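# Chain and residue survey
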Amino acid sequence: GYRSRSAYKLQQIDDTADLIAPSDTVIDLGAAPGGWLQVAAERADGGRVVGVDRQRIESIDGVETVRGDLTEESTQAEIAERVGKADLVLSDMAPNMTGEYELDHARSIHLARQALDVARTILTPGGDLVVKAFDGRDLDDLEADIEDEFEYVRTVRPDASRDESSELFLVGKGRMTAPVAVDD
Ligand code: SAM
C-alpha cells in the first residue's frame, strides 16, 4: 500500500500527462509522508528520486530525502547542489489551511511559485513540471508564467482531489530553456 491517498493523484496525473519514465531524475517538493515518492520510485526505475519536505520523511528504498523549507533560499540552494539536473519537478506542497479561501489560495500560489523557481534552476530542457495550486484569482498569472517557459500547460484535476474542490495541478510540459546558472 501507499503512505498517502495522494499517491493515487500522482498515478492519475502521470497516466494523463505521461511524465515519469524509467531512469528519470525526479524531484518531489512537499513530499512527506511519501506516497508520491513511492509512485515515482516505481515508475522511474533505474533513475533517481529525491524528496524534499520541512517534515521528516520515513526512509523509502532507493529514495533520497532533503529536509528543509522550500521558501528558504538555503533549501533551494541545497537542492541545486545535491540534485544538479532533473527531468521532472513535482510539487504537492500545500499551506497549513486556515479555511479563509483567499489566504489559502494566495499561500498555495506562493508555494507553487517556489516550485517554479526550483524548476528554473534544475529542470533540464524538455523536462516537465507539476505543481499543485488552489483555484482563485492568481491562478491565471501563475499559469501564464509557466506557459512562458514550457511548450504547453495543462490543468489536471484527479478524481482523488474531488472532495478538496479547489485543488488542481498545473502540468508544464517541455521546458524550453536550459537551467539557470547557480551562484554560490
Ligand atoms: N505528496 C505527498 C504524499 O504523497 O505523501 C503529500 C504532500 S502534503 C499534501 C503537503 C506537504 O507539503 C506537507 O508534507 C508539508 O509539510 C509540505 N510543505 C508545505 N509547505 C512547505 C514548505 N514551505 N517547504 C517544504 N515543505 C512544505
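Bear in mind that the values here come from a model prediction, so they are computed numbers and not experimental data.

## Notes on the overall build of the protein
In terms of helices and strands, the protein carries five helices and seven strands. Listed by position from the N terminus, the elements making up the protein come as α-β-α-β-β-α-β-α-β-α-β-β. Principal-axis analysis of the C-alpha atoms gives the protein an extent of 40 × 40 × 30 Å. Put simply, the protein has 184 residues, and 40% of those count as buried. When contacts within the protein are restricted to residue pairs at least 6 apart in sequence, long-range pairs at least 24 apart make up 64% of them.

## Regarding the UniProt feature "binding site: S-adenosyl-L-methionine" (unreviewed entry) in the protein
UniProt records the feature "binding site: S-adenosyl-L-methionine" (unreviewed entry) for Gly-34, Trp-36, Asp-53, Asp-69 and Asp-92 in the present numbering. Apart from residues no more than four positions distant in its own chain, Asp-69 is found in contact with Arg-54 and Thr-75. In this fold, Asp-92 is placed in the loop between β4 (86–91) and α4 (101–122). Owing to 24 C-beta atoms within 10 Å, Asp-92 belongs among the buried residues under this scheme. Discounting chain neighbours no more than four positions away, the residues touching Asp-92 are Ser-6, Gly-30, Trp-36 and Lys-132.

## Topic: the pairing of strand β2 (residues 48–53)
A regular strand places its side chains on the two faces of the sheet in alternate fashion. Burial analysis of β2 places five of its six residues in the buried class, which makes it a mostly covered element. Two elements, strand β1 (residues 25–29) and β2, share five bridges in a ladder whose sense is parallel. Bridging across to β2, Val-26 finds its partner in Val-49. Handedness of the crossover joining β1 and β2 through helix α2 (residues 35–43) is recorded here as right-handed. Across five bridges, the pairing between β2 and strand β3 (residues 63–67) is parallel. Counted as the bridge partner of Val-50 is Glu-64 from β3.

## Concerning the site of the ligand
Contacts to the ligand come from 21 residues, most closely from Ser-4, Ser-6, Gly-30, Gly-35 and Asp-92. Of all elements in the fold, only α1 (6–17) and α2 reach the threshold of two or more residues within the shell around the ligand. Residues of the shell around the ligand, tallied by class, amount to nine nonpolar, seven polar and five charged.

## Quick word on the environment of Glu-58
By secondary structure assignment, the location of Glu-58 is in the loop between β2 and β3. By C-beta crowding, Glu-58 is classed as exposed, having 9 other C-beta atoms within 10 Å. Each C-alpha atom of the pair Glu-58 and Pro-33 lies 7.2 Å from the other, and the pair is 25 residues apart in sequence.

## Regarding the UniProt feature "active site" (unreviewed entry) in the protein
What UniProt calls "active site" (unreviewed entry) maps, in this numbering, to Lys-132. Relative to the helices and strands, Lys-132 resides in strand β5 (residues 123–134). Residue classification places Lys-132 among the buried positions, given that 24 C-beta atoms sit within 10 Å. Apart from residues no more than four positions distant in its own chain, Lys-132 is found in contact with Ser-91, Asp-92, Met-93, Ala-94, Ala-112, Glu-167 and Phe-169.

## Here's the deal with the nonpolar core
Core analysis: the biggest nonpolar cluster contains 49 residues, and Ile-27, Val-89, Ala-115 and Ile-122 have the highest contact counts within it. Looking at which element gives the most residues to this core, the answer is α4, with seven residues. Once you skip the residues sitting within four places of it in the chain, Ala-115 turns out to touch Leu-29, Val-89, Ser-91, Met-93 and Val-131.

## What about the sheet that holds β4?
The seven strands are arranged β3-β2-β1-β4-β5-β7-β6 in an open sheet whose pairing can be described as mixed. Two strands bound the open sheet, and with one partner strand each, they are β3 and β6 (150–156). Shown here is a sheet whose adjacent strand axes are inclined to one another by a mean of 15 degrees, direction ignored.

What counts and what doesn't
- Residues numbered from 1 in each chain as written.
- Predicted model: local features only at pLDDT ≥ 70, side-chain atom pairs only at ≥ 80, totals over all residues.
- Helix = DSSP H or I, 4+ residues; strand = E, 2+ residues; numbered from the N terminus.
- Buried ≥ 20, exposed ≤ 12 C-beta atoms within 10 Å, placed from the backbone.
- Contact = placed C-beta atoms within 7 Å.
- UniProt positions renumbered as here; feature names shortened; annotations may be inferred.
- Pairing = 2+ DSSP bridges.
- Right-handed = clockwise from strand over helix to strand, strands pointing away.
- Near = placed C-beta within 6 Å.
- Nonpolar A, V, L, I, M, F, W, Y, C, P; charged D, E, K, R; others polar.
- Core = buried A, V, L, I, M, F, W, Y, C linked by C-beta atoms within 7 Å.
- Axes fitted to C-alpha atoms, helices over the stretch in contact; angles between N-to-C directions.

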